[in-house]
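# Architecture and fold: a report
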Amino acid sequence: MTAPPAARPSPFKVFFVSGIGTTLEYYDFLIYGTAASLVFDKLFFPAADPLVGTLLALAAFGTGFLARPLGGVLAGHWGDRVGRRRILVVTLTVMGLSTVAVGLLPTYSAIGPWAPVLLVVLRLVQGIAAGGEWGGAALYGIESAPPRKRAFYGSFTGAGISIGGLLAIGVFGLVNTLFPAAMLSWGWRIPFLLGSLLIVVGLVARRGAAETPERAAAEAPPRIPLVTVFRQHPRALLLTFGLSLGYNAIAYIGFSFFLAYAVAVGRTPGESLGAQAVFLTGTTLFSLVSGMLADRFGRRPVVLAGAVLTGLYLFAFFWLVKNGNSVLFYLAFAFASPLTAAMKGATPALIAEQFPASVRYSGASLGYQLGAALGGGFAPAVATLVFVSSGKATWSVALLGFAVAALVTGCVLGLPETLRTSAENKIAEEALR
């Protein structure tokens, strides 16, 4: 016996709950990465060799990725059992409190080794919260959408992540410009403490939101949804994991290695951050376009186009960054944005629609977060290792990118197209069981 379908919220409200909520959560997640690159080596991991301190700070950043699958499992279980909205409130609250705690932490000079220990613990908590966020936010958009707009509503999550990256870069850049002498004393704390104000905005939106109509109309979930995923949907879980691994590898190579490479070939940090801002602005806009195209032509063609074109474009990208003038330098990042966004915008719908509503949070979250942990957590380091081992030959990183793009292509080809066969149809299928 299923509940009567609930009224669908407006697109603006869905974006505010799904996209803006993800913006706030990933702002918190990404300012840690920015701080790890700029100041945490000196404040929490002092070492005789500055490079060692930086590596330790970035390693602590990586622990957040390792915790993301755990967050996906926990949020997925309870999101299927009690609903999407409640878990989205929890993930946002946990991320907000842990971020404020980072901003209030004493440094190594004050409490010694306890400072990096507490920092890593808070990073793990952030990773758990972020691991539960993506699936819930994507599902809230997709399951609240009217027919033929599910991928567009799902793309709000991808756009929100890019906006969060823009905010993280902008706030740190502003603080560094206004208080350059104070960055190592108290200036670095400002972005973390500002996150508390943003979290309040997100909580107001999410606490007032209704459960998604599709989740409300679905049959009661099994006692342990993840067991059902493993028993009945192992192929979908494996292929969505591979898709996420490849996509996140490309995305995080773009977010971190591209910046390091630009500085290595003579671009200033300001130019590199400006180029990243161009890239993130583009992915924000084109993620929404990708979702609209996926609703018209299908999820698979859009993701495939993004993967294939990205794999080919990387060979040109490095040449433009190294040999081009300032205009070509910025254009290199601008051209990369719609290709990455083609995957970012359409992937949430493609992954989520592989699973029925009663276990969708568990299946989509675990598949995506396992891939994010491996692809996002290790790809920048692997790209750097490949680059150095090849004598700093750019073709080596381009070849690595081509390989992970091929992984995305293979996994997408193995998944069924869901444009006309998911969402409402899956509710009907469940009701007939």
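Now for a description of the structure that goes with this document. (Residues numbered from 1 in each chain as written. Predicted model: local features only at pLDDT ≥ 70, side-chain atom pairs only at ≥ 80, totals over all residues. Heavy atoms only, no water.)

## Some details on the overall build of the chain
Note the cut-off: Helix and strand assignments come from DSSP, with helices taken as H or I runs of at least 4 residues and strands as E runs of at least 2, each series counted from the N terminus. Any residue under 20% of the maximum accessible area for its type is buried, any over 50% is exposed, and the rest in between are partly exposed; the area is computed with a 1.4 Å probe on protein chains only. Contacts are assigned to residue pairs that have any heavy atoms within 4.5 Å of one another. Neither His nor the chain ends is counted toward charge; the positive residues are Lys and Arg and the negative residues Asp and Glu. The location of each charge is read from NZ of Lys, CZ of Arg, CG of Asp or CD of Glu.
Scanning the chain for helices and strands turns up 18 helices and zero strands. Viewed in the frame of its principal axes, the chain has a C-alpha envelope of about 65 × 45 × 35 Å. Taken over 433 residues, the chain has a buried fraction of 56%. Within the chain, contacts between residues at least 6 apart in sequence are counted, and of these 85% link residues at least 24 apart. A distance of 1 Å separates the average location of the 30 positive side-chain charges in the chain from that of its 17 negative side-chain charges.

## Some points on empty space enclosed by the protein
For clarity, the cut-off: Points on a 1 Å grid, built from protein atoms alone, make a cavity when a 1.4 Å probe fits but cannot get out and make a pocket when they are open with protein on both sides within 12 Å along at least 5 of 7 lines; residues with an atom within 4 Å of a point are the lining residues. Grid points are joined across faces, edges and corners, and a volume is the space filled by probe spheres set on the points. All residues other than Ala, Val, Leu, Ile, Met, Phe, Trp, Tyr, Cys, Pro, Asp, Glu, Lys and Arg, Gly among them, are scored as polar; the first ten of these are nonpolar and the last four charged.
Under the defined criterion, the tally for this structure stands at three cavities of 30 Å³ or more. For the lining of the largest cavity, the elements supplying multiple residues, two or more each, are α1 (11–38), α7 (150–178), α12 (234–264), α13 (269–297) and α15 (326–352). Top element by residues in the lining of the largest cavity is α12. It accounts for six residues. Considered as a void within the structure, the second largest cavity measures approximately 120 Å³ in volume. Looking at the second largest cavity, it is lined by 14 residues, and the ones nearest its centre are Ile250, Phe258, Thr310, Leu314 and Thr340. Contributing elements (two or more residues each) for the lining of the second largest cavity: α12, α14 (299–323) and α15. Examining the composition of the lining of the second largest cavity, we find that five residues originate from one element, α12, more than from any other. Partitioning the lining of the second largest cavity into residue classes produces 10 nonpolar, four polar and no charged.

## Quick word on the nonpolar core
Basically, it comes down to this: The nonpolar core is taken to be a set of buried Ala, Val, Leu, Ile, Met, Phe, Trp, Tyr and Cys residues, with the residues joined through side-chain atoms within 4.5 Å.
With 92 residues, the main nonpolar core has Phe40, Phe44, Phe192, Leu243 and Phe257 as its most contacted residues. With residues up to four places along the chain from it excluded, the contact list for phenylalanine 44 reads Leu105, Pro106, Thr107, Tyr108, Ala115, Pro116, Leu119 and Trp188. One finds Val14, Leu88, Tyr153 and Ala209 within the second-largest nonpolar core, a separate group that totals 10 residues.

## What about the packing of helix α4 (residues 84–104) against helix α9 (residues 189–207)?
Helix-helix packing is characterised by the crossing angle of the two axes and by the distance between the axes. Cut-off, in case you're wondering: Fitted lines through C-alpha atoms serve as axes, helices being fitted only where they are in contact, and the angles separating the N-to-C directions of these axes extend from 0 to 180 degrees. Each angle gets one of four labels, with under 35 degrees taken as roughly parallel, over 145 as roughly antiparallel, 65 to 115 as roughly perpendicular, and the rest as oblique. For a crossing to be left-handed, the near helix must be turned anticlockwise from the far one by less than a right angle; the clockwise case is right-handed.
Closest axis-to-axis distance for the α4/α9 pair is 8 Å, and the angle between their directions is 165 degrees. Here α4 is positioned roughly antiparallel relative to α9, judged by the angle of their axes. Of the two possible hands of crossing, α4 and α9 adopt the one that is left-handed. For the pair formed by α4 and α9, the contact residues are Arg85, Leu88, Val89, Thr91, Leu92, Thr93, Gly96, Thr99, Val100, Val102, Gly103 and Leu104 on the first element and Arg189, Phe192, Leu193, Ser196, Ile199, Gly202, Leu203, Arg206 and Arg207 on the second. Among the residues forming the contact of α4 with α9, the class breakdown is 10 nonpolar, seven polar and four charged.

By themselves these figures say nothing about function.
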